[in-house]
Amino acid sequence: MTQSFSLDQQTGFVSPADDYLNDPLDIFKRLVTNRDATFFFRAAGHDMEGCAIFDGDTLVVDRSRVPGHGSVVIASAHGEFLVRRCREVAGGLHLHTVPPDGDTRENDDPEAEIWGVVTAVVRFF
């Protein structure tokens, strides 16, 4: 008769070497799902503080993602990049800022085109 044991059942003290059994945290793997379509941007200004995006934050942007209602995106308008939140209105996406007071304000530039979807924010303390 053969008897099997599960590694989940432990008796006694846990070995300190168990900490080395797991793979180390790779922050790049955590933040980037599509390496070829991912870019990093530095946020500037206060227009998106209502979305917890602050001046100086690093934004992880994936161009392969499809934006939808509520997505935070990088938009391109007149050669500049803008950070905006998408809102679905009448079957189309409208871009809005979300300033610190939380009041959403519609983007006044109808020529802005969505460039990529923000997937993460990196902030140093």
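Residues numbered from 1 in each chain as written. Predicted model: local features only at pLDDT ≥ 70, side-chain atom pairs only at ≥ 80, totals over all residues. Heavy atoms only, no water.

A.B. asks: Can you lay out the pattern of salt bridges for me, pointing to particular residues and giving the numbers?
C.D. replies: Overall, the coordinates contain two salt bridges when judged by the stated rule. With a shortest N-O distance of 2.9 Å, Arg123 and Asp57 are connected by a salt bridge. Placement of Arg123 in the segment after strand E7 (113-122) and of Asp57 in the loop between strand E1 (38-42) and strand E2 (58-62) is noted, with a sequence separation of 66 residues between them. Given a relative accessible area of 33%, Arg123 falls into the partly exposed group. Two residues, Asp62 and Arg65, come together in a salt bridge whose shortest N-O distance is 3.8 Å. Judged by its relative accessible area of 40%, Arg65 falls in the partly exposed class. (Salt bridge = Lys/Arg side-chain N within 4 Å of Asp/Glu carboxyl O. Helix = DSSP H or I, 4+ residues; strand = E, 2+ residues; numbered from the N terminus. Buried < 20%, exposed > 50% of the residue type's maximum accessible area, 1.4 Å probe, protein only.)

A.B. asks: Account for the layout of surface pockets, naming residues and giving values.
C.D. replies: What the largest pocket holds in volume is close to 220 Å³. Only E1 and strand E4 (80-89) provide two or more residues apiece to the lining of the largest pocket. Of all the elements, E4 adds the most residues to the lining of the largest pocket, at four residues. By residue class, the composition of the lining of the largest pocket is ten nonpolar, two polar and three charged. (1 Å grid on protein atoms, 1.4 Å probe; cavity = no way out; pocket = protein on both sides within 12 Å on 5 of 7 lines; lining within 4 Å. Points joined across faces, edges and corners; volume = space filled by probe spheres on them. Nonpolar A, V, L, I, M, F, W, Y, C, P; charged D, E, K, R; others polar.)

A.B. asks: So what's going on with the packing of aromatic side chains? Which residues, and what values?
C.D. replies: Per the stated rule, a full pass over the model turns up four aromatic pairs. Between Phe41 and Phe81, the aromatic rings sit 5.1 Å apart at their centres with planes inclined by 75°, giving edge-to-face as the arrangement. Placement of the pair is Phe41 in strand E1 and Phe81 in strand E4, with a sequence separation of 40 residues. A relative accessible area of 17% means that Phe41 is categorised as buried. Consider the rings of Phe41 and Trp115, whose centres lie 5.4 Å apart with planes at 80°: the pair is edge-to-face. Highlighted residues: Phe41 in strand E1 and Trp115 in strand E7, separated in sequence by 74 residues. Like Trp115, Phe41 is buried. The ring of Trp115 is capped by Arg63, whose NZ or CZ atom sits 4.1 Å from the centre of that ring. (Phe/Tyr/Trp six-rings, centres within 6.5 Å; stacked < 30°, edge-to-face > 60°. Lys NZ or Arg CZ within 6 Å of the ring centre and 35° of its normal.)

A.B. asks: Before we move on, could you go through the nonpolar core and cite the residues and values that matter?
C.D. replies: The biggest cluster of nonpolar side chains holds 13 residues, and the ones touching the most others in it are Met48, Ile53, Leu59, Val61, Val72, Ile74 and Val83. At the level of secondary structure, the elements contributing two or more residues to this core comprise E2, strand E3 (72-77) and E7. Residues in contact with Val61, not counting those within four places in the same chain, are Ala37, Thr38, Phe39, Phe41, Ile74, Trp115, Gly116, Val117 and Val118. Counting eight residues, the second-largest nonpolar core is a separate cluster that includes Val73, Ala77, Leu82 and Cys86. (Core = buried A, V, L, I, M, F, W, Y, C linked by side-chain atoms within 4.5 Å. Contact = heavy atoms within 4.5 Å.)

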